[in-house]
Amino acid sequence: MDITGKQDEWLQAIAAASDGPAVAELEARLFGQKGEVLEMVRSVTSLPREERPAFGKAANGVKLTVDKALAARKDGFAQIELNKELNATDFDPTEPGPRARTGAMHPITIVQNELVDLFTSMGFQWEDGPEIESEYFNFDALNIPGDHPARESQDTFLLSDGNLLRTHTSPVQVRTLQRLVKQGFEPPLKVIVPGRCFRSETVDKTHEHSFYQMEGLVVDRVQKGENGATGISTANLIHTMKTCLRVILERDVEVRLRPGFFPFVEPGFELDVNCPFCSGKGCSVCKQSGWIEILPCGMVHPNVLKEGGLDPEEYTGFAFGMGLQRVVMLRYGIDDIRHFMGGNLRFLSQFPEVPR
Ligand code: FA5
């Protein structure tokens, strides 16, 4: 067979095809089940053995060349069709398309990210803990034994397997201490624990059943010198809290510190900020008190250090448990905590878009 002559004939037929359907017809004729090109390749079996290699090589070369030419012709007609379609409308492919919205960052995420950045810049490390917690870590390890009235004040969702939904992020204090002490880690230790907590509470303007806290824990060895012992003190606690609030609320805020009772700190404090909704005059948000409770904190109780595996004679520390929603409310002037989980897109779209 004169396969070079055949190749020329097929290439001419491809060049002569006048439109897409003509190319499709030609493709069926050349490469269909009994297509001419494929038949030519198969015809190698009818040749004497010694002629087969040379013929096979040449036939495959022809097959490739014809296939390529056919594909190029097909693409050409497809492009012509596309251009026709584009010209038939006022669609301009060179115009930039509409910008796709990516959705807004949730305000709690914005503030949590900023707090994490702030605390990590001060040398804190991020710790995590489970939302389904044991009674031991949520209460006992934090110096809240079974009959302690403080258990009542944290309306707990109890699970049928004896565990519970954690009522605060404080269980991660003892979890972290135990893990690090076991690994032979020596304080200084500075951790933050952002996370979700749950309480079976009546929902109102400032209370949700699911809410976010950010726990902080700082522990260091007491330095004993000729002039007495120094370690982590209330002064360190107050300085850290004031720095945090100034940065996160983007303004100087009036704060007050009053005694607060939490079994896992001694002494314990409640740090309140002046209500920005009524400038301290009293309104429904601050329950007419003029102050919003924002930052319970205190010096880590010796029993908690002991439970974590540290000698309270050798170590001291402070801890805080910030209510994240309350901080976000103060930052953006939001007067009802229920907006956060309401799923109202008009509320959510006020916040900056997720960066691409
Ligand atoms: C605690 O949860 C302590 N674990 C905090 C703590 C940590 C104290 C370390 C000392 C040392 P409290 O129950 O007050 O404390 O909650 C802390 C903050 O969480 C509150 O100030 C408030 O901002 C927020 N919070 C508490 N309950 C709710 C709720 N139902 N809805 C929204 N925020 C809440």
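Residues numbered from 1 in each chain as written. Predicted model: local features only at pLDDT ≥ 70, side-chain atom pairs only at ≥ 80, totals over all residues. Heavy atoms only, no water.

Peer 1: Would you mind going over the packing of aromatic side chains in detail, with residue names and values included?
Peer 2: Each aromatic ring pair is characterised by the separation of its centres together with the angle its planes make. This model, assessed by the stated rule, comprises seven aromatic pairs. Judged by centre distance (4.9 Å) and plane angle (70 degrees), the rings of Phe119 and Phe124 are edge-to-face. Classification of Phe119 by relative accessible area gives buried; the value is 0%. Three or more aromatic residues link up through ring pairs in this structure, and these residues are Tyr332, Phe340, Phe347 and Phe351. Arg175 extends its terminal NZ or CZ atom over the ring of Phe137, reaching a point 4.1 Å from the ring centre. (Phe/Tyr/Trp six-rings, centres within 6.5 Å; stacked < 30°, edge-to-face > 60°. Buried < 20%, exposed > 50% of the residue type's maximum accessible area, 1.4 Å probe, protein only. Lys NZ or Arg CZ within 6 Å of the ring centre and 35° of its normal.)

Peer 1: Explain the confidence of the model for the protein to me, using residue names and the numbers behind them.
Peer 2: Looking at the protein as a whole, the pLDDT averages 90, with 99% of positions reaching at least 70. Ranking the elements of the protein by mean pLDDT puts helix α7 (residues 150-153) last with 70 and strand β2 (residues 132-133) first with 98. (pLDDT = per-residue confidence, 0-100. Helix = DSSP H or I, 4+ residues; strand = E, 2+ residues; numbered from the N terminus.)

Peer 1: Outline the layout of surface pockets, supporting the account with residue identities and numerical values.
Peer 2: Its volume calculated, the largest pocket comes out at about 710 Å³. Along the walls of the largest pocket sit 36 residues, with Arg199, Gln213, Phe262, Glu293 and Pro296 positioned nearest its centre. When contributions to the lining of the largest pocket are tallied by element, the ones reaching two or more residues are α7, β5 (210-221), β9 (265-274), β10 (291-300), β11 (315-323) and α11 (324-332). Of all the elements, β11 adds the most residues to the lining of the largest pocket, at five residues. Its residues assigned to classes, the lining of the largest pocket shows 17 nonpolar, eleven polar and eight charged. In this model, the second largest pocket occupies a volume close to 230 Å³. Lining the second largest pocket are 13 residues, with Cys286, Trp291, Ile292, Glu293 and Arg326 positioned closest to its centre. Every element with two or more residues in the lining of the second largest pocket is listed here: β8 (255-259) and β10. For the lining of the second largest pocket, the element with the most residues is β10, which contributes three residues. (1 Å grid on protein atoms, 1.4 Å probe; cavity = no way out; pocket = protein on both sides within 12 Å on 5 of 7 lines; lining within 4 Å. Points joined across faces, edges and corners; volume = space filled by probe spheres on them. Nonpolar A, V, L, I, M, F, W, Y, C, P; charged D, E, K, R; others polar.)

Peer 1: A description of empty space enclosed by the protein should follow, citing residues and the corresponding values.
Peer 2: This structure, assessed with the given rule, holds two cavities of 30 Å³ or more. The space that makes up the largest cavity amounts to roughly 40 Å³. What lines the largest cavity is Thr206, Phe277, Val285, Ile292, Arg326, Met329 and Leu330. Here the residues of the lining of the largest cavity sort into five nonpolar, one polar and one charged. If you add up the space inside the second largest cavity, you get close to 30 Å³. Along the walls of the second largest cavity sit Leu177, Leu180, Val181, Phe185, Pro187, Leu189 and Leu310, which together make up its complete lining. Class assignment of the residues belonging to the lining of the second largest cavity gives a composition of seven nonpolar, no polar and no charged.

Peer 1: If you had to explain the side chain of Gln173 to someone new, which residues and values would you point to?
Peer 2: Positionally, Gln173 belongs in helix α8 (residues 171-182). With relative accessibility at 3%, the residue Gln173 sits in the buried group. Polar contacts involving the side chain of Gln173 include one to the side chain of Glu215, which spans 2.7 Å. In this view, Gln173 contacts Leu142, Glu215, Leu217, Val300, Val304 and Ala319; residues no more than four positions away in its chain are not counted. (Polar contact = N/O pair within 3.5 Å; in protein donor to acceptor, adjacent residues only side chain to side chain. Contact = heavy atoms within 4.5 Å.)

Peer 1: Give me the lowdown on the nonpolar core, citing residues and values where you can.
Peer 2: Leu115, Phe119, Ile294, Leu295, Phe320 and Phe340 are the most contacted members of the largest nonpolar core, which has 45 residues in total. Those elements giving two or more residues to this core turn out to be α5 (107-121), β5, α9 (234-249), β9, β10, β11, α11 and α12 (345-348). Top contributing element to this core by residue count: α5, with seven residues. In this structure, Leu115 is in contact with Met214, Cys244, Ile248, Met322 and Leu324, ignoring residues within four places of it in sequence. Ranked by size, the runner-up nonpolar core spans 23 residues in total, among them Ala150, Leu189, Leu217 and Val300. (Core = buried A, V, L, I, M, F, W, Y, C linked by side-chain atoms within 4.5 Å.)

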